[in-house]
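# Results of the structural survey
Listed below are the residues making up each chain.
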Amino acid sequence: MTHPQPVIERSMNDKETILVVGASRGIGYELVRQYAVQGHHVIAGCRTPQSAESLQALTDSLDIEVHQLDVGSDDSVVHFASEIGNRTIDIAIVAAGVASGNPSASLISAIFRIR
Ligand SMILES: NC(=O)c1ccc[n+]([C@@H]2O[C@H](COP(=O)([O-])OP(=O)(O)OC[C@H]3O[C@@H](n4cnc5c(N)ncnc54)[C@H](OP(=O)(O)O)[C@@H]3O)[C@@H](O)[C@H]2O)c1
């Protein structure tokens with residue numbers, strides 16, 4: 001399968017670490033792909049990594065690490081934070097399509113508070 005050229009424009013050439021939550025499909029998946037194609041390191045959080053086949057396929061050729069993360073589960077958030085450890089994240093994007101509430105701010109603050 002061929003992919004269209006990435007459309008994200010970046011002013012810096014340095015490799016950055018990008019966190020994308022909700023990475024299995026949709027906007028999150030596409031952001032993972034585009035950032036990784038541009039040469040950045042991407043941490044991809046998704047609910048069921050074992051069934052995220054398109055995302056897993058990207059890891060064959062791109063610098064992407066996939067972790068289990070369900071934004072509706074405190075245990076999952078804590079486990080995710082412990083897995084990614086104490087490292088710098090340059091950009092964090094929460095694209096998880098959750099129907100109720102607004103977990104984005106609390107999720108991000110939880111990850112960084114825990115770390
Ligand atoms: N598409 C648009 O044009 C558009 C425009 C404005 C705003 N938005 C908003 O942007 C968000 C993403 O849109 P989308 O089109 O990419 O949606 P999508 O194709 O339905 O994808 C939703 C993603 O969120 C993940 N997700 C759902 N619940 C989760 C949870 N509890 N923990 C972790 N991940 C979870 C899904 O993972 P699973 O595969 O595990 O279900 C999937 O990867 C939505 O909130 C949507 O309302 C979208």
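Residues numbered from 1 in each chain as written. Predicted model: local features only at pLDDT ≥ 70, side-chain atom pairs only at ≥ 80, totals over all residues.

Moving on, we get to the nonpolar core. Among the nonpolar cores identified, the biggest contains 25 residues, and Val-20, Val-21, Ala-23, Val-32, Val-42, Ala-44 and Leu-55 are the most heavily contacted of them. Going through the elements one at a time, β1 (17-21), α1 (26-37), β2 (41-46), α2 (53-58), β3 (64-68) and α3 (74-84) are the ones with two or more residues in this core. Counting residues per element, this core draws most heavily on α1, which supplies five residues. Residues within four places of Ala-44 in sequence aside, it is in contact with Val-20, Ala-23, Val-32, Leu-55, Ile-64, Glu-65 and Val-66. (Core = buried A, V, L, I, M, F, W, Y, C linked by C-beta atoms within 7 Å. Buried ≥ 20, exposed ≤ 12 C-beta atoms within 10 Å, placed from the backbone. Helix = DSSP H or I, 4+ residues; strand = E, 2+ residues; numbered from the N terminus. Contact = placed C-beta atoms within 7 Å.)

What follows deals with the pairing of β3. Two faces belong to every sheet, and in a regular strand the side chains alternate between them. By the bridge criterion, five bridges tie β2 to β3 in an arrangement that is parallel. By the bridge assignment for β3, Ala-44 is matched with Val-66. Handedness of the β-α-β unit built from β2, α2 and β3 comes out right-handed. (Pairing = 2+ DSSP bridges. Right-handed = clockwise from strand over helix to strand, strands pointing away.)

Moving on to the site of the ligand. Around the ligand, the surrounding shell holds 17 residues, and the nearest of these are Gly-22, Gly-26, Arg-47, Ala-96 and Gly-97. Take the shell around the ligand: its biggest share by element is three residues, from α1. Residue classes in the shell around the ligand are distributed as seven nonpolar, seven polar and three charged. (Near = placed C-beta within 6 Å. Nonpolar A, V, L, I, M, F, W, Y, C, P; charged D, E, K, R; others polar.)

Turning our attention to the pairing of β2. For β2, the buried fraction is high: five of the six residues fall into the buried class. Here five bridges tie β1 to β2, and the two strands are oriented parallel to one another. Of the residues in β2, the one forming a bridge with Ile-18 is Val-42. In this view, the connection linking β1 to its parallel neighbour β2 by way of α1 has right-handed handedness.

As a general point, the strands of a sheet are linked pairwise by backbone hydrogen bonds and lie either parallel or antiparallel. With respect to topology, four strands assemble into an open sheet ordered β3-β2-β1-β4, the strand pairing being parallel. Whereas interior strands pair on both sides, the edge strands pair on one side only; in this sheet they are β3 and β4 (91-94). When the angles between neighbouring strand axes are averaged without regard to direction, this sheet yields 15°. Along the sheet, α1 contacts β1, β2, β3 and β4; its crossing angle with β1, the most-contacted strand, is approximately 165°. Along the sheet, α3 contacts β2 and β3; its crossing angle with β3, the most-contacted strand, is approximately 150°. (Axes fitted to C-alpha atoms, helices over the stretch in contact; angles between N-to-C directions.)

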